[in-house]
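# Residue-level structural notes
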Amino acid sequence: MAGFEGRSDYSEFKWGVKIGVGKTNKDLQYYESFTFQGVRYSLYDSVYAYQTGALETDIGKIVKIYSTATEKKVRIVWFLRPGEICNFLGEYVPFWKELFLASGEGIGLYNVNPLEAIVGKCNVVCTSKDKRNPQPSKEELRMANYIFCRTFDVGRRKILENFPDNICGIKVESYFNRPKQKNLTRIPTPRTQLRDQAGPSNFLSKSQLDKMVAYPVKNGEPGSKAVPIAKELENRARPALRDQDGLSTVPSKSRLDKVVAHPVKNGEPSSKAVPLVKVIRNTVDPFLAPMSTPDTRPCKKMRTVDSGLPDIDKSGWFKPELWEERLRTADGNGRLVLLDNLDPSYASSEVQDLVWGAFNEKVEAKMIPCTPFSNPHYGKAFVIFKSSDAAESAVVALDRRCLILADGRPVIGIVCRGTMKERDKVSKFVGHLMIDKHRLQSQREEMRKAVSTSHFAQPNTVEYDMAMEWCLLQEKSDLWWKALYQDHEEKEMEITKLGEQKVKV
Amino acid sequence: MEASEAQYAEFEGKVKRTIYLDNLSPQVNELIVRQAFDHFGTVESVQFIPNYLESKNIPQCALIEMKNPTQVNAIVSDIAQKPFMIGGMPRPVRARKAKMEMFDDRPVKPGRTIQFRWLEPNYPDFEVAKELKELARIHAVEAEYVLKKQLEDEEKLEEQHQEALKATHKKYKMVQSVIADGTTRQLARGYHLRVADD
């Protein structure tokens, strides 16, 4: 049996684009980005950094990435937590998720750290009203891990509302939110140009927000304000994805996107001008729990599916021959979707409920029973949609966005076209041997019956030895399947663990 | 789709009474299986599991429901110790206790609700989810490969056995023909040996 190569991409380190070499010291190489532990970090990303022994992670912005002959370093300008500067707050009461960007000159502005100090990415949004700062949308605010709108001058030990032009030698624009445009430059272009390009969406005034809410946003016809929002969302905080996914997903996002203005409660970290707005979704979803808690991690909220489906008479559906008929027809019509990576303990009706809740489609579904060589951690199910369009769009949606189940696994969907194999009634069965025909005929009746009757093999027969060899093969195959799936499980755990580290608050 | 506790418990009981049989020849039908297991105990039902996804030469699998769990345990341990043939030789069938996931008509576990959420591409978790999806695809390919290899191994083994069988068969034929046409007795007289009349 061939061995399997472990994929060690996830602990590997890779440099991104190089942007310069040191003037005096040729060993110094400056980079724009790097990949560490499977995550891509770029210049001006906000990250968590951890010092062993510290109680909490520190948060900062990467402003320089470079490598010397022997080490890899990043220069990080820090965001200060309110607790760290409590002595200097004075009258100021910080918001729930507020940080302060360090500025000025002095200790605590920045540090140069080895790359390994970085433990994950952080979503920090700037809510300052500074003209140079692209104003964040409600979506971005909701999804932010932290916000900042003031700076703390480490030299003067004061909290300032006005941002200086330079922090740590870098233009202050780099610290503000990324400009909202579709082209893939990382260095933000001058603010004046942006204002024209992205239109009115940059500065959402109260009246504009009201108007946006008033548009019923339907599938395929987003209100005019919604489209720039969709673009904003694409470019916010995930520059790493922009390269591959940014352009291609924007058009579909404006169709599938449900623009939400969530109920903002007082005291939530958002600009003070935002009115209290009610949730409007483009499809009325009876199962959605209102997303109103000022949770620091609102994206973790799960939607529960009630089995509120009307009781469909299922008595005739799942007779084996009938089901097979339907499967084959659906396969031919392109209405058959194979869902993978489900929880293996799901029942068929739960799969139907899931599809109903996620896609608003009524379907027939059946879990595929597990076999000795199927993965015990994944479940698969056949789902028959009402139309091939519905099937297509569901699979596309699963691809573009991710449908996550309760334990963090993403559901994969494949449309089956002609993938079902034909039942071959006279297929050969590997392992059953036939002796010469005329030999068999000359034997007595009982002997012939003995071959085909079920029996235990007796130890003194040729049959027994061969059977033992088969048993050996069966045992071996059991073992290698077990090893394979164990290996798979470990890989999954690795990735999930990485993911959890990244969103640590 | 509400499954009551009782229904679920009943189904669990059924699972405990069921054997999962695989490595069955596709030519075996329900009658043969019933006859096979009749002397172990009472067979309540036999259900073959149709195979839609894999290639057609995979051996069949079946779920056999017996009267009570003790019979199931007896069968499983017997078959584990001595090779049991159904419908042909010499590949033995493999029996194990059935699990919930082997039944595709299982009821919903009571008290469980399905939870899910959609992730947009700019959530921090999105990349993780994408990676998991990629990984799942890779794993599927790996599993396919393993299965292919396994089938190849099985075919090789069968070839070997076929060869061995032919050779043995030839030997026996020869021996039998020699006895039948009297050569043995002649030789025995020549060598002054006794020929036992087996």
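Residues numbered from 1 in each chain as written. Chains lettered and ligands numbered in written order. Predicted model: local features only at pLDDT ≥ 70, side-chain atom pairs only at ≥ 80, totals over all residues. Heavy atoms only, no water.

An unreviewed UniProt entry annotates chain B as RRM domain-containing protein of Rubus argutus.

In the nomenclature of an unreviewed UniProt entry, chain A is known as BAH domain-containing protein of Rubus argutus.

## A few points about the nonpolar core
Residue and element names in this part refer to chain A. Ranked by size, the top nonpolar core spans 44 residues in total, and within it Phe 34 and Ile 62 carry the most contacts. Elements supplying a minimum of two residues to this core: strand 4 (33–36), strand 5 (39–42), strand 6 (46–49), strand 7 (58–67), strand 8 (72–80), strand 9 (98–103), strand 12 (124–126) and strand 13 (146–153). A total of six residues in this core trace back to one element, the largest contributor, which is strand 8. Discounting residues that sit within four places of it in the chain, Ile 62 has contacts with Phe 34, Tyr 41, Ser 42, Leu 43, Tyr 44, Asp 45, Val 47, Val 74, Arg 75 and Ile 118. (Core = buried A, V, L, I, M, F, W, Y, C linked by side-chain atoms within 4.5 Å. Buried < 20%, exposed > 50% of the residue type's maximum accessible area, 1.4 Å probe, protein only. Helix = DSSP H or I, 4+ residues; strand = E, 2+ residues; numbered from the N terminus. Contact = heavy atoms within 4.5 Å.)

## Focus on the sheet that holds strand 3 (residues 60–66) of chain B
All names here are of chain B. Read across the open sheet, the four strands follow the order 2-3-1-5; overall the sheet is antiparallel. Unpaired on one side and paired on the other, strand 2 (43–49) and strand 5 (94–97) mark the two borders of the sheet. Looking at each pair of strands side by side, their axes are set apart by 25 degrees on average, direction ignored. When strand 1 (residues 18–24) meets strand 3, the two strands line up antiparallel, connected through six bridges. Opposite Asp 22, over in strand 3, you have Cys 61 as the bridge partner. Against the sheet, helix 2 (residues 30–38) makes contact with strand 1, strand 2 and strand 3, and its axis sits at roughly 135 degrees relative to strand 2, the strand it touches most. Sitting on the sheet, helix 3 (residues 69–81) is in contact with strand 1, strand 3 and strand 5, with an inclination near 145 degrees to strand 5. (Pairing = 2+ DSSP bridges. Axes fitted to C-alpha atoms, helices over the stretch in contact; angles between N-to-C directions.)

## A word on the environment of Ser 345 of chain A
Tracing the backbone shows Ser 345 of chain A in the loop between strand 18 (336–342) and helix 7 (348–359). Accessibility expressed as a relative area gives 30% for Ser 345 of chain A, which makes it partly exposed. Each C-alpha atom, one on Ser 345 of chain A and one on Gly 379 of chain A, is 7.4 Å from the other, the two residues being 34 residues apart in sequence. What Ser 345 of chain A contacts, discounting residues up to four positions off in sequence, is Glu 350 of chain A together with Glu 101, Arg 106 and Arg 112 of chain B.

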